[in-house]
Amino acid sequence: MDYRSSEALAGSEAPVGPRSEDTLPSSVSAAVKVVIVGGFGVGKTTMVGSVSEIRPLTTEETMTQAGVGVDDIAGVERKTETTVAMDFGRISLNDQLVLYLFGTPGQERFWFLWDGLFEGALGAVVLIDTRRLEVSFDAVGRLEERAVPFVVAINAFPHAPVYPMSELRAAMDLPDSVPMVDCDARDRGSSRDTLLTLVRYLHSLTTVTPETP
Ligand SMILES: Nc1nc2c(ncn2[C@@H]2O[C@H](COP(=O)(O)OP(=O)(O)OP(=O)(O)O)[C@@H](O)[C@H]2O)c(=O)[nH]1
Ligand SMILES: [Mg+2]
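Let me begin by describing the structure that accompanies this report. Throughout this description, residue numbers start from 1 for each chain and increase along the sequence as written. A letter from A marks each chain and a number from 1 marks each ligand, given out in the order of writing. The predicted origin of the model limits local features to residues at a pLDDT of at least 70 and limits the giving and counting of side-chain atom pairs to 80 or more, whereas totals for whole chains, interfaces and linings rest on all residues. As a rule here, side-chain values come from all non-hydrogen atoms in the structure, and water together with hydrogens is ignored.

A closer look at the side chain of Thr 197
Note the following rule: Numbering of helices and strands runs from the N terminus, with a helix taken as a DSSP run of H or I at least four residues long and a strand as a DSSP run of E at least two residues long. Only protein chains enter the area calculation, which uses a 1.4 Å probe; residues under 20% of their type maximum are buried, those over 50% are exposed, and those in between are partly exposed. By definition in these notes, contact holds between two residues if any of their heavy atoms fall within 4.5 Å.
Following the sequence through the fold, Thr 197 ends up in helix α6 (residues 188–206). For Thr 197, a relative accessible area of 19% corresponds to the buried category. Ignoring sequence-local partners within four residues, the contact set of Thr 197 consists of Val 151, Pro 179 and Val 181.

Here's the deal with the packing of helix α2 (residues 44–51) against α6
Worth spelling out the cut-off: Fitted lines through C-alpha atoms give the axes, limited to the stretch in contact for helices. The angle between two N-to-C directions lies from 0 to 180 degrees. To sort the angles, those under 35 degrees are grouped as roughly parallel, those over 145 as roughly antiparallel, those from 65 to 115 as roughly perpendicular, and the leftovers as oblique. In this classification, Asp, Glu, Lys and Arg are treated as charged, Ala, Val, Leu, Ile, Met, Phe, Trp, Tyr, Cys and Pro as nonpolar, and every other residue, Gly included, as polar.
Close contact between α2 and α6 brings their axes to 8 Å; oriented N to C, the two are set at 100°. On the basis of their axis angle, the class for α2 and α6 is roughly perpendicular. Contacts from Met 47, Ser 50 and Val 51 in α2 reach Arg 188, Ser 191, Arg 192, Thr 194 and Leu 195 in α6. Residue classes in the contact of α2 with α6 are distributed as 3 nonpolar, 3 polar and 2 charged.

Let's talk about unusual backbone geometry
With a phi angle near 55°, Ala 147 is a residue other than glycine that sits in the positive phi range. Looking at the secondary structure, you find Ala 147 in the loop between α4 (137–145) and β7 (150–155). Classification of Ala 147 as exposed rests on a relative accessible area of 64%. The backbone phi angle of His 159 is positive, close to 65°, even though this residue is not glycine. In this structure, His 159 sits in the loop between β7 and α5 (165–171).

A look at the coordination of the magnesium ion (ligand 2)
Here is the rule we go by: Because water is not among the atoms used, a metal site may look incomplete, as its donors are only the N, O and S atoms within 2.8 Å, or 3.2 Å for Na, K and Ca.
Within the protein, the magnesium ion (ligand 2) binds to Thr 45 (OG1) and Thr 83 (OG1); these donor distances fall in the range 2.0 Å. One end of the pair, Thr 45, is in helix α2; the other, Thr 83, is in strand β3 (residues 81–83), and 38 residues separate them in sequence. With respect to class, Thr 45 is no different from Thr 83; both count as buried.

Function-wise, these values are silent; they only describe arrangement.
What follows is the structure, encoded as structure tokens:
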């Protein structure tokens with residue numbers, strides 16, 4: 001697993017000042033803001049952490065008794081930490097294009113932060129867990145309201161039921177134009193492929209189809 005947590009790095013003897021991987025190559029000509037969204041525990045922090053080439057910023061806090069009766073943890077009872085503000089990471093897809101990744105908090109009590117995080121986003125990845133599809137419905141609704149284009153990534157959890165994509169698409173009421181992909185948020189390559197799917201989709205939306213006379 002290519003996941004680097006802030007905690008692991010905080011204890012290491014990091015040199016002072018920017019590291020070489022923190023500075024952008026001068027060839028970069030486009031930066032795109034992308035949000036990673038979805039319900040509680042679908043793997044947003046994991047995806048930002050696995051794919052980021054810089055040390056990801058995370059705002060994870062330990063889940064405490066205070067959340068009992070407030071937070072819906074059905075299906076993810078073993079989860080011990082949750083994002084309380086945002087995740088942040090960066091990935092260069094090629095010499096020219098860099099994506100800034102913002103992971104949203106999944107707990108309903110923090111959803112008021114979503115609007116700020118969506119500001120200026122050119123696209124989004126909606127992560128879904130097939131055991132709990134409904135937890136990502138609100139994220140899809142908010143993106144549609146704000147006309148932020150998105151792709152849906154089916155995150156592979158153990159023992160999660162496997163459904164044909166057409167059934168998932170119907171269950172989520174997604175138009176055929178919205179790309180759906182399988183992914184494993186823990187895997188850098190798989191997360192990167194998901195982001196590439198999003199970028200290709202965004203590109204296709206900007207390609208003007210000539211009108212037939
Ligand atoms: N098997 C498997 N486990 C995963 C995958 N992605 C995430 N996990 C695990 O699922 C748990 C939740 O992942 P997070 O990345 O914290 O989920 P999140 O969406 O950021 O959660 P919130 O911020 O609390 O909404 C963690 O224990 C991860 O290790 C995956 O693709 N496969
Ligand atoms: Mg998180």
